[in-house]
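Structure at a glance
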Amino acid sequence: MGLEKQHPDPIEKEGAVVEGYALAGEWNRMFEQRVIWDYDFTPLEKIGELPGGESLNWCYGCGKCIPVCPVDIVGDYGPRKIHRKGQMGVDLFKDPDLWLCTTCGNCLRVCPKEVDMIQIMPAVREVAVGEGNVPAELQSVFEKTARYGNALGENPRKRVEWMKDAATPVRILKDDPSPVDVLFLIEDYWAFHPRGRDAARANARVLNRLGVDWAILGAEEKTIGDSQRLAGEKGLFEMLVEDNVALFSKYEFGRIVTSDPHAFNALRNEYPKLGHSYEVLHYTQLLGQLVPKLTFSKRIDAKVTFHDPCYLGRHNGEYDAPRALIEAIPGVEFMEMQRCRANGYCCGGGGGAMWLDSFTADFTSERLSERRVREAVETGADILAICCPYEVSRFEDAVKSTGNDGKLIVRDIAELLDEAMS
Ligand code: SF4
Ligand code: SF4
């Protein structure tokens, strides 16, 4: 006897008698065999053929990714499920699941087969973007970024407005192009978001108190665009790389420091792949090197917990510098959330998800930022310290929507340092 699969005939009787009961044909359909070999594997095979998409088919269903995926914790997701749905004919190129992954990287950390959603998602999204299958709010961000050089669609001239109330001098390279040690990239949310601007001002005061030789690009700055890349707009990212590299080449500087872990990630890992390497630091790393020079005039008597940004911690291995800065502040009692460092829970803003909250709401029971705020409140902390410009608005909204107004405040590490040093 051969080993060929036997296909049973489906049961399609008009009526049947089961244990004395006559059943209509409608009920008989319950007994039909599921014809599972008819699933269409074409979309799954197409993903496997994409550069970057190969590893999805390495999944062997062990389930290790399930408890660590932040989206699975508030929904029904994770690489194992994405792969299984693909085996069942779901076309990820057209499915909402394509846009839910925040590229946080926690699944890759635990996956024995190295199924790499950080490569898979941008590769599949790039095809979807090319075919015009993009959520409208994300498409709008792509267009604003292409037109104005920032995700918020703001006039580039407003990039320097935050400086007005900084009460400390800030050098703009276009006005004073002499060599400088630190080229500081403010990035979009510190430049334009009202609470981001608070952190930009605080950071400027801290850098000046420490005597750092630094300057900014001002209205010339454009976003680095890493989240747009991860959201599938590789062409836009490459255009931004060209523009930024040309801009950087106009000035003489020692290193780049940025407010934004996403920009830090791209400058550290993606720009070199395109032939452009710089010494680059996140601002907490620069300040972390200067901890012995920090002089404080005030105590902050508070319990403080800290949220690890995925693109500073898990993607680039920096966990200690932000903690060293927080713990250096007199009066602070530092406390960790249960999920922290390499297992930190994503705020929900990475990989383009920053701009997809209303889209994602249809597929999750709560926002990831809301889940994270609950975890911060559980520690008993008074302050949730952050160091990513995406996070202040996400977490401040989540504090309100979870009913924790008055129990927890969100402060950038730059703001905490500035307050304690003032
Ligand atoms: S951890 Fe990796 S191999 Fe295991 S189910 Fe998840 S994606 Fe598949
Ligand atoms: S990268 Fe993060 S959000 Fe995406 S599937 Fe993996 S664990 Fe989930």
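One can find the structure itself at the top, above this paragraph.
Below is a summary of the structure that appears in this document. The structure presented is a predicted model; accordingly, all values stated were derived computationally and were not measured. (Residues numbered from 1 in each chain as written. Chains lettered and ligands numbered in written order. Predicted model: local features only at pLDDT ≥ 70, side-chain atom pairs only at ≥ 80, totals over all residues. Heavy atoms only, no water.)

**Re the overall build of the protein**
Filter applied, for reference: Secondary structure follows DSSP: runs of H or I at least 4 residues long count as helices, runs of E at least 2 residues long count as strands, and numbering of each begins at the N terminus. When a residue's accessible area, from a 1.4 Å probe over protein chains only, is under 20% of the maximum for its type it is buried; when over 50% it is exposed; and in between it is partly exposed. A positive count includes Lys and Arg, and a negative count includes Asp and Glu. His and the chain ends are not counted in either. Charged side chains are reduced to one point each, which is NZ for Lys, CZ for Arg, CG for Asp and CD for Glu.
Regarding its fold elements, the protein presents 18 helices and ten strands. In terms of principal-axis extent, the alpha carbons of the protein reach across some 90 × 45 × 40 Å. Within the protein, the proportion of its 422 residues that are buried is 55%. For the protein, the distance from the average position of its 50 positive side-chain charges to the average position of its 66 negative side-chain charges is 4 Å.

**Some words on the site of ligand 1**
As a reminder, the rule being used: Consider each residue's heavy atoms; a residue with any of them within 4 Å of a molecule or strand counts as near. The classification used treats Ala, Val, Leu, Ile, Met, Phe, Trp, Tyr, Cys and Pro as nonpolar, Asp, Glu, Lys and Arg as charged, and all other residues, Gly among them, as polar.
Of all residues adjacent to ligand 1, which total 13 residues, the nearest are Cys-59, Cys-62, Gly-63, Cys-65 and Cys-111. In terms of residue class, the shell around ligand 1 is built from eight nonpolar, two polar and three charged.

**Here we look at the packing of aromatic side chains**
Inclusion rule: Pairing of aromatic side chains here covers Phe, Tyr and the six-membered ring of Trp, requires ring centres within 6.5 Å, and sorts the geometry by plane angle: under 30 degrees stacked, over 60 edge-to-face, intermediate tilted. Both a distance and an angle decide whether a charge sits over a ring: NZ of Lys or CZ of Arg must be within 6 Å of the ring centre and within 35 degrees of the ring normal.
A full pass over the atoms with the stated rule returns ten aromatic pairs. A ring pair is formed by Trp-190 and Tyr-283, whose centres lie 5.2 Å apart and whose planes are at 55 degrees; its orientation type is tilted. Placement of Trp-190 in helix 8 (residues 187-192) and of Tyr-283 in helix 13 (residues 283-289) is noted, with a sequence separation of 93 residues between them. As far as the burial class goes, Trp-190 and Tyr-283 line up, both buried. Taking 5.6 Å as the distance between ring centres and 45 degrees as the angle between the ring planes, the aromatic pair formed by Phe-359 and Phe-363 counts as tilted. In this structure, Lys-46 is placed above the aromatic ring of Phe-93, and the distance from its NZ or CZ to the ring centre is 4.2 Å. Over the face of the ring belonging to Tyr-60 we find Lys-113, whose NZ or CZ atom lies 5.4 Å from the ring centre.

**Remarks on the packing of helix 16 (residues 368-378) against helix 17 (residues 391-401)**
The criterion, for reference: Only the contacting stretch of a helix is used when fitting its axis, a line to C-alpha atoms as for every element, and angles between N-to-C directions run 0 to 180 degrees. What sets the label is the angle itself: under 35 degrees gives roughly parallel, over 145 gives roughly antiparallel, 65 to 115 gives roughly perpendicular, and the rest give oblique. Contacts are residue-level and defined by heavy atoms, with any inter-residue pair within 4.5 Å sufficient.
At a minimum axis distance of 8 Å, the contact between helix 16 and helix 17 shows a crossing angle of 70 degrees. In terms of orientation, helix 16 and helix 17 fall into the roughly perpendicular class. Residues Ser-369, Glu-370, Arg-372 and Val-373 of helix 16 touch helix 17, and the partners they reach there are Arg-394, Phe-395, Ala-398, Val-399 and Ser-401. For the contact of helix 16 with helix 17, a count of residues per class yields four nonpolar, two polar and three charged.

**Considering the sheet that holds strand 7 (residues 302-306)**
Our working definition: Pairs of strands are assigned from DSSP output, requiring at least two bridges between the strands.
Read across the open sheet, the four strands follow the order 8-7-9-10; overall the sheet is parallel. The open sheet has two free edges, formed respectively by strand 8 (332-334) and strand 10 (409-412), since each of these has just one partner strand. In this sheet, neighbouring strand axes are inclined to one another by 35 degrees on average, regardless of whether the strands run parallel or antiparallel. Examined bridge by bridge, strand 9 (residues 383-386) and strand 10 share four bridges and lie parallel to one another. In the sheet register, Leu-384 faces strand 10, and the bridge partner there is Val-410.

**Observations concerning helix 18 (residues 413-421)**
The condition is simple: The term polar contact refers here to a pair of N or O atoms within 3.5 Å; inside protein, the definition further demands a hydrogen-donor-capable atom paired with an acceptor-capable atom, and it admits residues adjacent in sequence only when both atoms are side-chain atoms.
Of all the nine residues making up helix 18, eight are buried; the element is thus mostly covered by neighbouring parts of the structure. Taken together, the buried positions of helix 18 are occupied by Ile-413, Ala-414, Glu-415, Leu-416, Leu-417, Asp-418, Ala-420 and Met-421. The backbone nitrogen of Ala-414 has a side-chain oxygen 2.9 Å away, supplied by the residue at the start of helix 18, namely Asp-412.

**Side note on the pairing of strand 7**
Definition in use: Assignment of crossover handedness uses the view with strands pointing away from the viewer, where a clockwise path from the first strand over the helix to the second indicates a right-handed crossover.
Counting buried residues in strand 7 gives four out of five residues, a clear majority hidden from the surface. In this sheet, strand 8 lies alongside strand 7 in parallel orientation, the contact comprising three bridges. Opposite Val-304, over in strand 8, you have Phe-334 as the bridge partner. For the handedness criterion, the β-α-β arrangement of strand 7, helix 14 (residues 320-328) and strand 8 is classed as right-handed. Here three bridges tie strand 7 to strand 9, and the two strands are oriented parallel to one another.

**Quick notes on the sheet that holds strand 5 (residues 253-258)**
Across the sheet, four strands lie side by side as 4-3-5-6; this open sheet has parallel pairing. This sheet does not close on itself; its edge strands, each paired only once, are strand 4 (214-215) and strand 6 (280-282). Pairing between strand 3 (residues 180-185) and strand 4: two bridges, direction parallel. Residue pairing across strands places Val-182 opposite Trp-214, the latter belonging to strand 4.

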